[in-house]
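Reading the structure
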Amino acid sequence: MLANGEIRDEAAGVLGLRTQVEATTDSVFKIGSITKIWTATLIQQLVDDGVLDLDRPVRDYLPGFRLSDPGATASLTARHLLTHTGGIDGNHFTDTGRNDDAIEKFVATLAEADQLLPPDTVFSYSNSGYVVLGRLVEVLRDKPFHDVLRDRLVTPLGLRTAAADPYEAILHRAAVGHVRTGGEVVPSAGVAVAVLTNSTGGEPLAYEIFDAALRDLAGVETAPLPVPPLNPTGIDVDRMCGTYRSTLYDITLTSEHDRAFLTYRPRNEIAESFLGGAENRVEVVRLNDNSVITAEPKSNGHQVLSLVGSDRHGRARFLHNGAAAYRIA
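Residues numbered from 1 in each chain as written. Predicted model: local features only at pLDDT ≥ 70, side-chain atom pairs only at ≥ 80, totals over all residues. Heavy atoms only, no water.

**With respect to the sheet that holds strand β5 (residues 242-245)**
- As summarised here, the arrangement of the 8 strands in space is β5-β6-β7-β8-β9-β10-β11-β12, forming a closed barrel in which the pairing is antiparallel. Shown here is a sheet whose adjacent strand axes are inclined to one another by a mean of 30 degrees, direction ignored.
- Bridge count for strand β9 (residues 291-294) against strand β10 (residues 304-308) is 3 bridges, and the pairing is antiparallel. Note on β10: the bridge partner recorded for Ile 293 is Val 304. (Pairing = 2+ DSSP bridges. Helix = DSSP H or I, 4+ residues; strand = E, 2+ residues; numbered from the N terminus. Axes fitted to C-alpha atoms, helices over the stretch in contact; angles between N-to-C directions.)

Now the structure itself:
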């Protein structure tokens, strides 16, 4: 926690259930998508140095860059990637190794990945897009990404326990398990809070800490975690119901006897492994005019899904939970 120019650390629990090694303030955790801030900073440094224009096509900087859609290949820019509006398959999971050419190899595989939407259509969270940004960093700095990261961020910031891969991480007290991370920042008050956990149930804890810290230190009230209304009205069948497609799933929203359900059907083996079967069905209720919420909470709370846009029939175009699934029926 950063407050009044002072950094304060606290630790609790264990780094692994099997080893029961105590978590300490110098332990290292996988921080997942928080690293996108680091990648974005490295991109902005390129802009500041005059070697990258955010609005020029990516292919101007990456010879041979190709997506499955020729139009997207021609128009995709770094700004699209930074703002998650590139339309690239956000969960294109493929292992290209751990060598210095891993990012280059991954970007090459995007030529076969789904192009879900034309660039600049809608915000849709994309891990793949940020890998392309990482490749831009490598090409324009002429170094592997992890070397640029260390030279331009880790070392200047004095981060003594940062690790770019598992081989570095094992030199520290490393946490294992399913990782949830979160951070919220109030620059005007000079307050920043980050919560790192290795538990799937970490999100409610993170919100509790954010709420207490930001209220006491910055006078900021955080929004409570969403919960279903006590007396929800029925969903808008004509606008909301239908089948929506993401990289991983076909998701069908139906209304049956005044109850609503989302049915997830995996589109590939990876998605099936996530579901633990060939289909998953969850009950949802209407949260407001443009969203539904899961009726029963999981360990990380209730999930909210928004219905975004309208087609020529007045039906929602996208089912959105950070990543967009587009209507197919």
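From this point, things continue past the structure.
**A few points about the packing of helix α4 (residues 102-109) against helix α5 (residues 127-141)**
- Across the interface, α4 lies against α5 with an axial gap of 9 Å and an inter-helix angle of 130 degrees. On the basis of the axis angle, α4 is oblique to α5. Where α4 crosses over α5, the two elements pack in a sense that is left-handed. Taken together, the residues of α5 that come into contact with α4 (itself represented by Ile 103, Glu 104, Phe 106 and Val 107) are Ser 128, Val 131, Val 132, Gly 134, Arg 135 and Glu 138.
- The class makeup of the residues in the contact of α4 with α5 is 5 nonpolar, 2 polar and 3 charged. (Parallel < 35°, antiparallel > 145°, perpendicular 65-115°, else oblique. Left-handed = near helix turned anticlockwise from the far one by under 90°. Contact = heavy atoms within 4.5 Å. Nonpolar A, V, L, I, M, F, W, Y, C, P; charged D, E, K, R; others polar.)

**A short note on the environment of Ser 128**
- Note on placement: Ser 128 falls in helix α5.
- Exposure remark for Ser 128: the relative accessible area of 2% places this residue in the buried category.
- In this structure the C-alpha to C-alpha distance between Ser 128 and Asp 89, which are 39 residues apart in sequence, comes to 6.7 Å.
- If we ignore the near neighbours within four places in the chain, the residues touching Ser 128 are Ile 88, Asp 89, Gly 90, Asn 91, His 92, Phe 106 and Leu 110. (Buried < 20%, exposed > 50% of the residue type's maximum accessible area, 1.4 Å probe, protein only.)

**Quick word on the pairing of strand β7 (residues 259-266)**
- Alignment of strand β6 (residues 249-256) against β7, held across 8 bridges, turns out to be antiparallel. Each bridged residue has a counterpart across the sheet, and for Thr 252 the counterpart in β7 is Thr 263.
- The hairpin formed by β6 and β7 contains 2 residues between the paired strands, and His 257 there has a positive phi angle of roughly 55 degrees.
- The sheet contact formed by β7 and strand β8 (residues 280-288) spans 5 bridges and is antiparallel. From the neighbouring strand, Ala 260 faces β8, where its bridge partner is Val 284.

Everything listed here is a matter of geometry and, on its own, says nothing about what the molecule does.
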